[in-house]
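Spelled out from the first residue to the last, the chains are:
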Amino acid sequence: MYTIKKNILTRYRNYKISKRPKIFGIGANKTGTTSLTKAMVELGYTVGNQKIAQTRLIRPWSKRNFKEIIDYCKTAEFFQDQPFSLQFTYVALDQAFPNSKFILTVRDNPEQWYDSLIGYMARKYGKDGRIPTKLDLMEADDGIKKGNLWETACLLRKVEETNIYDKGSLIAAYQTRNAGIIEYFRHRPDDLLILNVSEKNAYKKLYKFLGKTTNKKNFPHLNKTSAI
């Protein structure tokens, strides 16, 4: 079982949450989720502790046990990254929290998303800048525990050990998941925002979706490694 620092758990239990609707960032990693989170902080939303989410909730998600995820969502107002960005989760959250808003962040195209993902993983976990292997992921320390990256990869998808980051399968999964989200909200345009943070007027588009006004048009340029 994972160990979480006591002060983080205390913070998790003691959040005081407003009655504002929940906002869920359900875009895949490397689609501008860091930029979106920064904007939500600027808007005054309480952001869920992602360390706790990744530590506690990936395994329940893999078993399609959404109760723990729903309980965790009572601790803040805005959530993003895994498991909120994973397939099926948005359906459970939509049913559990009526009137919630969902933000699907995307890149210009699937190839750009894949290149960003691979570049990030190679820089952070691949030796000499190459694509990480199973051994790399098993030996990596992601701040949770050694080997967690490999365990998580196996929980999230069927992994081919000799080709962990197969381009065809990853892009297909990315496209299928996004298409499923768009279809699910097809008759509810006020509940889903499809957002490319690199596009002109993207910041204003976010504010309008949340019923707010701003003179700011574009998201600030953040470090590419963290922001996208």
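Predicted, not measured: the structure shown is a model, and the values here were computed from it. (Residues numbered from 1 in each chain as written. Predicted model: local features only at pLDDT ≥ 70, side-chain atom pairs only at ≥ 80, totals over all residues. Heavy atoms only, no water.)

1. Considerations on the confidence of the model for the chain
Across the chain, pLDDT averages 88, with 89% of residues at or above 70. Under a pLDDT of 50 for its full length, residues 1-12 has, in the predicted model, 17 contacts with residues more than four places off or in other chains. (pLDDT = per-residue confidence, 0-100. Contact = heavy atoms within 4.5 Å.)

2. Here's the deal with the nonpolar core
F24 and F84 are the most contacted members of the largest nonpolar core, which has 43 residues in total. Taken together, the elements giving at least two residues each to this core come down to α3 (50-56), α4 (58-62), α5 (67-72), α6 (89-96), β3 (101-105), α7 (110-125), α9 (148-156) and α10 (167-184). Per element, the largest residue contribution to this core is 6 residues, and it comes from α7. If sequence neighbours within four positions are ignored, F84 has contacts with F24, G25, I26, Q50, A53, L57, I69, Y72, C73, F79, T89 and L93. L36, A39, M40 and I103 belong to the second largest nonpolar core, which has 18 residues in total. (Core = buried A, V, L, I, M, F, W, Y, C linked by side-chain atoms within 4.5 Å. Buried < 20%, exposed > 50% of the residue type's maximum accessible area, 1.4 Å probe, protein only. Helix = DSSP H or I, 4+ residues; strand = E, 2+ residues; numbered from the N terminus.)

3. A few points about the sheet that holds strand β1 (residues 23-25)
Strand order across the open sheet formed by 4 strands is β2-β1-β3-β4, with parallel pairing between neighbours. With partners counted over all chains shown, the strands left at the sheet margins are β2 (78-79) and β4 (192-195), one partner each. Judged from the 3 bridges that link them, β1 and β3 form a sheet pairing that is parallel. Directly across from I23, in β3, lies its bridge partner K101. Strands β3 and β4 of the sheet are contacted by α10, whose axis makes an angle of about 150° with β3. Here helix α11 (residues 202-209) sits on the sheet and contacts β3 and β4; the angle it forms with β4, its principal contact strand, is near 175°. (Pairing = 2+ DSSP bridges. Axes fitted to C-alpha atoms, helices over the stretch in contact; angles between N-to-C directions.)

4. A short note on the environment of I58
Of note, I58 is situated in helix α4. For the pair I58 and L155, spaced 97 residues apart in sequence, the C-alpha to C-alpha distance is 7.5 Å. Setting aside residues up to four positions removed in sequence, I58 forms contacts with A53, Q82, P83, L86, T152, L155 and L156.

5. Some details on the pattern of salt bridges
When the charged atoms of two side chains with opposite charge come close together, those side chains can pair. This model, assessed by the stated rule, comprises 14 salt bridges. Where R20 meets E77, a salt bridge forms, and the shortest distance between an N and an O atom there is 3.0 Å. Taken together, the positions of R20 in the loop between α1 (6-14) and β1 and E77 in the loop between α5 and β2 put the pair 57 residues apart, joining distant regions of the chain. Judged by relative accessible area, which is 32%, R20 ranks as partly exposed. A relative accessible area of 3% means that E77 is categorised as buried. Ionic pairing is found between D71 and K74, a salt bridge with its closest N-O pair at 3.5 Å. Relative accessible area serves as the criterion here: at 29%, D71 is assigned to the partly exposed category. Salt bridges here are not isolated pairs; linked through shared partners, they connect K38, E42 and K216. (Salt bridge = Lys/Arg side-chain N within 4 Å of Asp/Glu carboxyl O.)

6. Details of α10
For α10, with 18 residues, the first-to-last C-alpha span of 26 Å sits near the 26 Å given by 1.5 Å per residue. For α10, the full list of buried residues reads L170, I171, Y174, R177, N178 and I181. All buried residues of α10 fall inside an arc of 130° around its axis, so they share one side. (Expected span 1.5 Å × (residues − 1). Arc of directions from axis to C-beta.)

7. Overview of the packing of aromatic side chains
Applying the stated criterion across every chain yields a total of 13 aromatic pairs. Aromatic pair F24 and F79: ring centres 5.8 Å apart, planes at 20°, arrangement stacked. Pair noted here: F24 is in strand β1 and F79 is in strand β2, with a separation of 55 residues, a long-range link. Pair check on accessibility: F24 and F79 agree, each one buried. Clustering of aromatic rings is evident, with ring pairs tying together F24, Y72, F79, F84, Y90, F97, F102, Y184 and F185. A cation over a ring is seen here: R20 above Y45, with NZ or CZ 4.2 Å from the ring centre. Above the face of the W61 ring, R64 is positioned so that its terminal group lies 4.4 Å from the ring centre. (Phe/Tyr/Trp six-rings, centres within 6.5 Å; stacked < 30°, edge-to-face > 60°. Lys NZ or Arg CZ within 6 Å of the ring centre and 35° of its normal.)

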